[in-house]
Amino acid sequence: KECGHVPHCANCDVSLTLHKKQGLMICHYCGYTQPIPQTCPNCHSSLINDIGLGTEKIEEEVMKLFPTAIVARMDLDTTRSKNAYKRIIDDFSDHKIDILIGTQMVSKGLSFDDVSLVAVLNADNLLNAADFRAHERAFQLLEQVSGRAGRMHKQGEVILQTRNPDNPIIRFVERHDYISMYETQLNERLLFHYPPFYRVILLSVKHRDAHMANRASNMLARLLQQIFGKRSSDAIPPIIPRVQNVFIRQIILKIESTASASKAKQLIQSAITQLHNIPEFKNVPITIDVDPM
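The structure contained in this document is the topic of the report that follows. (Residues numbered from 1 in each chain as written. Predicted model: local features only at pLDDT ≥ 70, side-chain atom pairs only at ≥ 80, totals over all residues. Heavy atoms only, no water.)

## Comments concerning the environment of R80
Okay, so step 1: Relative to the helices and strands, R80 resides in the loop between β4 (71-74) and α2 (84-93).
Okay, so step 2: For R80, a relative accessible area of 60% gives the class exposed.
Okay, so step 3: For the pair R80 and T287, spaced 207 residues apart in sequence, the C-alpha separation works out to 31 Å. (Helix = DSSP H or I, 4+ residues; strand = E, 2+ residues; numbered from the N terminus. Buried < 20%, exposed > 50% of the residue type's maximum accessible area, 1.4 Å probe, protein only.)

## Some words on the packing of aromatic side chains
A ring pair, where both rings are aromatic, is described by two values, the distance of the centres and the angle of the planes.
Okay, so step 1: Scanning the entire structure with this criterion turns up three aromatic pairs.
Okay, so step 2: Seen from their ring centres, F132 and Y194 are 4.4 Å apart, and the 15° between their planes marks the pair as stacked. Linking F132 in the loop between α3 (124-127) and α4 (134-146) with Y194 in the loop between α6 (178-191) and β8 (198-207), this pair joins segments that are 62 residues apart in sequence.
Okay, so step 3: Judged by its relative accessible area of 25%, Y194 is partly exposed.
Okay, so step 4: Between Y178 and Y182, the ring centres sit 6.1 Å apart and the planes meet at 25°, which makes this aromatic pair stacked. (Phe/Tyr/Trp six-rings, centres within 6.5 Å; stacked < 30°, edge-to-face > 60°.)

## Side note on the sheet that holds β8
Okay, so step 1: The strand order β9-β10-β8-β11 describes an open sheet built from four strands, whose pairing is antiparallel. At either end of the open sheet lies a strand with only one pairing partner, and these are β9 (242-243) and β11 (286-290).
Okay, so step 2: Pairing of β8 with strand β10 (residues 246-256), which is carried by ten bridges, proceeds in the antiparallel orientation. In the strand pairing of β10, H207 is matched with F247.
Okay, so step 3: Contacting β8, β10 and β11, helix α7 (residues 210-228) runs over the sheet at an angle of about 10° to β10.
Okay, so step 4: Contacts between helix α8 (residues 261-276) and the sheet are confined to β8, β10 and β11, with β11 contributing the most and set at about 165° to the helix. (Pairing = 2+ DSSP bridges. Contact = heavy atoms within 4.5 Å. Axes fitted to C-alpha atoms, helices over the stretch in contact; angles between N-to-C directions.)

Now the structure itself:
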């Protein structure tokens, strides 16, 4: 609370996730762990506060609000053991659990007869993901989770927590208006050159030396721009630019879906070959992902 310090992974450019019951802070990318500190490693204050909306935190708050209810959590941690997922579902169906808290896995293909209330916390996280499919996926998930309430001809209630209730996707979900969502997303994808009108090709340049990753990716971007022009972006760092002590830089190519895929592949490979023919870049790894998910 004093300095606002957030513990980060030693190997990746991400913050650590608190797992209170295990007494650990864990990196969900490489598995690096630290014990929960008693004092801040930055300013040495003992005023440490855990914040955020993880399922463990929500479970803790719900148990305070509803002390007589039987509360269960469904996430990666609670479903690791064999048959744990099925046991939680069966217990909820058999009324052995009153309130079920979970990640997106709760919404996937499950049917409960007596669920009368479903709540989605911080739906804005779905809408603000750095992916051109974010709005489509948010609509799909919110529609799915809405379907968990009021089954078997019974009226149910769905609460979506958002700071932007006028967001078009929220409005489409409210009206169950698939057609308007579809038409809006299609127009946006045509305007900004995304599938199904364009193929998106993601080239990732990786190296344990940040300077080498920058130089190699900038050179590859220039080579691709000589071939593809404005269809190729500059080299940019991804949202998480370092994973397991490997630095990542990315180049995005958008190619018309009507263009020859084999010709595009040939031209991309020729640019990579040119890069690898430069002695200092000979062993720089490059991965290609077509229409990355």
